[in-house]
Amino acid sequence: MLQKGIAAAPGIVIGRAVVQKEEMVRYERRILDQDEVAAELARFRESVRAADLELEQVKKKVRHEMGEEEARIFEAHQLFLQDPEFIGAIEEKLECERVNAEAALEEVRDSFVAIFESMDDEYMRERAADLRDVSQRLMKNLLGIHDQLQADFTEPVVLVVHDLTPSDTAQLDREKVKGFATNIGGRTSHSAIMARTMEIPAVVGMSDITEQLQTGDLVIVDGLEGEVHIRPDEAVVAAYEAKQQAYWKQKEDWARLVHEESVTADGHRVELAANIGNPRDAVQAVENGAEGIGLFRTEFLYMGREQFPTEEEQFAAYKAVAETMGKDRPVVIRTLDIGGDKELSYLDLPKELNPFLGYRAIRLCLDRVELFKTQLRALLRASIYGNIKIMYPMIATIAELRRANQILDEVRAELRNQSILFNDHLEVGIMIEVPAAAMIADQLAKEADFFSIGTNDLIQYVMAADRMNEQVAYLYDPYHPAILRLVNQVIKAAHQEGKWVGMCGEMAGEELAIPILLGLGLDEFSMSATSVLRARDLLRKLDYKSLQETAQHVLTLESGEEIRAFIKEEILNKL
Amino acid sequence: MLTKTFTIQNPTGLHARPATLFVQKATSFPCEVNVIKGTKKINGKSIMGLMTLGAKLGEQITLEITGEQAEQAMEELGKLLMSVHG
């Protein structure tokens, strides 16, 4: 039987399931006799003490394996265990209402979760998840449940769970857990991100996969297609073994291209770069053969915390990426792109009717100059450690570009006065993601050192279609002639001024888009690190000269479907 | 009992990190610490209590401290509330 889910991490795993159901944690609510209360209280306190010790261990392990940031989650969990309002309320309930510890814990937890969840603040909802996680730990200690996830598996297994909490993930035996499937979650959920970091195949959002499978069942998790096969027969297993072999073989072939050049069959050279979200991703980018960072989203430095990052924190992050990439590989760092749909709990912005058309990115930075200056100072200071380039997001007018550059000049002057070193020749470019910017690209190209086309936003602005809205999804089409013509125009305008053009949207890594973008003259393709080698493999089979003509022909076609069909039949199928 | 009112200076209000520091500091004193905002009064040694107050930049909160080392606690906790980077 086959069930569809969301492909969270690529690869295929065939193995025995270890199923952990939610309702494993079962207890009965009981009213205690007066003389039982003291013993029950002691039992509860022992579970708290044990949980604290466990968290100390988990924290160490996580700090060692994943880093300080992740370890901090568990520090917060420990604080919950010491909280007089939480632990105190449980003890009070136990003593006054004379209920058993399990019931007292669950009832107090639920009341706090309800408060946190009603606060309509993403940060608080995360705290509710932490509170659940820590309560679960206490509950298991009370019930004496030995967590299956902590078991020493004797053979490779596929985990089938409701969801993977941070605690679960930290305790996984990475040698044995070869893949997983979860009931809930999306591509950006905690479990999906962990799977990609751990490089194990995963499918999430399976709704009731824990009900479909029993521990010991044979299962296939196909993280490429986002499918799970439940108790497959021999024929299906054989077919997937072949698919698995093919995937491994392909990965091997691609891996050989790590140190090869990104050059077409007829000798035209482009740059294949990676989009990253934090300094650690840069290491993965290098391992995957990226020749640079085409987009470093700096939002991670600002999100999931309680206050603005200091100049020193930012400097350390930018310097780390610059050093990882070295002098030869450029690192394009985008200045803060926040506001609108991307909220910061501590940046108290009013709710907007049209967040995508609102107070965000460069608009916010030009308004909150101190915030912007702190980032620019950190960027400039880091610029001597590698090949850093600065990029402003969401530029719509030439006045915005000039104002941003003016602020940058002020920061440069400040640094000079303080005798702080920075790279005087650092390139400063802009994202082309507002249609207005694409239309005046010829003017902008005179004052920007480079462009990077941000297709994710550009498409939704050009087509007036919200990319999250399924009912207008048909309009969100990167291959619509309007998009390709605009891309063509932007590249031409930049080249006229001798400037280079990159692309850092999803489109840059797509097999169908690469031949056309190449033919239009795109100089840099920036994509997720794991797509780089596949793109290089394709690039090396393409012929730049003939694609220049083909691309011009494609611009005359009438629809996205027509264009996609043309690329498939006339280019890809002929390779 | 000592009481004193402060205006929150931290741009992020009394969110998790500042709240964590506050609780850690409060817990290090033997005295009783209550935090009052409007009509709500919570235990200053509770991270959950403090976060549910949701105190923001510019809002006033009152500390009510009773017991041993109350003066020292008031001074140090007040400093945390008034700090911008705490």
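Note that the structure is a prediction, hence the values are computed from the model and not measured. (Residues numbered from 1 in each chain as written. Chains lettered and ligands numbered in written order. Predicted model: local features only at pLDDT ≥ 70, side-chain atom pairs only at ≥ 80, totals over all residues. Heavy atoms only, no water.)

**Focus on the overall build of chain A**
Right, on to step 1. Secondary structure assignment for chain A yields 22 helices and 16 strands.
Right, on to step 2. For chain A, with 575 residues in total, the buried portion stands at 53%.
Right, on to step 3. Carbon together with sulfur atoms contributes 49% to the accessible area of chain A, which is approximately 25,700 Å² in total. (Helix = DSSP H or I, 4+ residues; strand = E, 2+ residues; numbered from the N terminus. Buried < 20%, exposed > 50% of the residue type's maximum accessible area, 1.4 Å probe, protein only. Areas by Shrake-Rupley, 256 points an atom, 1.4 Å probe, with all protein chains shown as cover.)

**Looking at the sheet that holds strand β6 (residues 202-204) of chain A**
Residue and element names in this part refer to chain A.
Right, on to step 1. Strand order in the open sheet formed by eight strands is β1-β8-β7-β3-β4-β5-β6-β2, and the pairing between neighbours is mixed. Of all strands in the sheet, those bounded by a partner on one side alone are β1 (2-4) and β2 (6-9). Along the sheet, successive strands turn relative to each other by an average axial angle of 30°, direction set aside. (Pairing = 2+ DSSP bridges. Axes fitted to C-alpha atoms, helices over the stretch in contact; angles between N-to-C directions.)

**Here's the deal with the environment of Thr-7 of chain B**
All names here are of chain B.
Right, on to step 1. Within the fold, Thr-7 resides in strand β1 (residues 2-7).
Right, on to step 2. Sequence spacing of Thr-7 and Met-82 is 75 residues, and the spatial spacing of their C-alpha atoms is 7.0 Å.
Right, on to step 3. If near-sequence neighbours (up to four positions away) are discounted, Thr-7 is found in contact with Gly-58, Glu-59, Gln-60, Leu-81 and Met-82. (Contact = heavy atoms within 4.5 Å.)

**A short note on the environment of Met-82 of chain B**
Right, on to step 1. Structurally, Met-82 of chain B can be placed in helix α3 (residues 70-82).
Right, on to step 2. Taking relative accessible area as the criterion, Met-82 of chain B reaches 39% and is therefore assigned partly exposed.

**Observations regarding helix α10 (residues 279-287) of chain A**
All names here are of chain A.
Right, on to step 1. Residues of α10 that are buried: Pro-279, Ala-282 and Ala-285. Taken end-on, α10 shows its buried residues confined to a sector of 85°, consistent with a single buried face.
Right, on to step 2. For α10, the elements touching its buried residues are β9 (271-276), β10 (293-297) and α11 (311-325).
Right, on to step 3. Backbone nitrogen of Arg-280 and a side-chain oxygen of the N-cap are separated by 2.9 Å at the start of α10; the cap is Asn-278.
Right, on to step 4. Note on α10: the residue one or two positions beyond its end, Gly-289, has a positive phi of about 85°. (Arc of directions from axis to C-beta. Polar contact = N/O pair within 3.5 Å; in protein donor to acceptor, adjacent residues only side chain to side chain.)

**Things to note about the confidence of the model for chain B**
Right, on to step 1. Within chain B, residue pLDDT values average 84, and 91% of them lie at 70 or more.
Right, on to step 2. The ipTM, which scores confidence in the relative placement of chains, is 0.78 for this predicted complex, and the corresponding pTM is 0.64. (pLDDT = per-residue confidence, 0-100.)

**Some thoughts on unusual backbone geometry**
Residues and elements named next belong to chain A.
Right, on to step 1. If you check the backbone angles, Arg-98 has positive phi at about 55° while not being a glycine.
Right, on to step 2. Following the sequence through the fold, Arg-98 ends up in the loop between α3 (84-96) and α4 (101-117).
Right, on to step 3. Even without a glycine there, the phi angle at Ser-419 is positive, about 55°.
Right, on to step 4. Mapped onto the elements, Ser-419 comes out in the loop between α14 (398-417) and β13 (428-432).

**Concerning the side chain of Ser-452 of chain A**
Right, on to step 1. Residue placement: Ser-452 of chain A occurs in strand β14 (residues 450-453).
Right, on to step 2. Once you skip the residues sitting within four places of it in the chain, Ser-452 of chain A turns out to touch Met-391, Ile-430, Met-431, Ile-432, Gly-502, Met-503 and Cys-504 of chain A.

**Some remarks on the packing of helix α19 (residues 513-520) of chain A against helix α21 (residues 544-554) of chain A**
Residue and element names in this part refer to chain A.
Right, on to step 1. Following both chains from N to C, one finds α19 and α21 inclined at 100°, their axes separated by 7 Å at the closest point. Considered as vectors, α19 and α21 are oriented roughly perpendicular to each other. Note on element contacts: α21 touches α19 through Tyr-544, Leu-547, Gln-548, Ala-551, Gln-552 and Val-554, opposite Pro-515, Ile-516, Leu-518, Gly-519 and Leu-520.
Right, on to step 2. Here the residues of the contact of α19 with α21 are counted per class, giving eight nonpolar, three polar and no charged. (Parallel < 35°, antiparallel > 145°, perpendicular 65-115°, else oblique. Nonpolar A, V, L, I, M, F, W, Y, C, P; charged D, E, K, R; others polar.)

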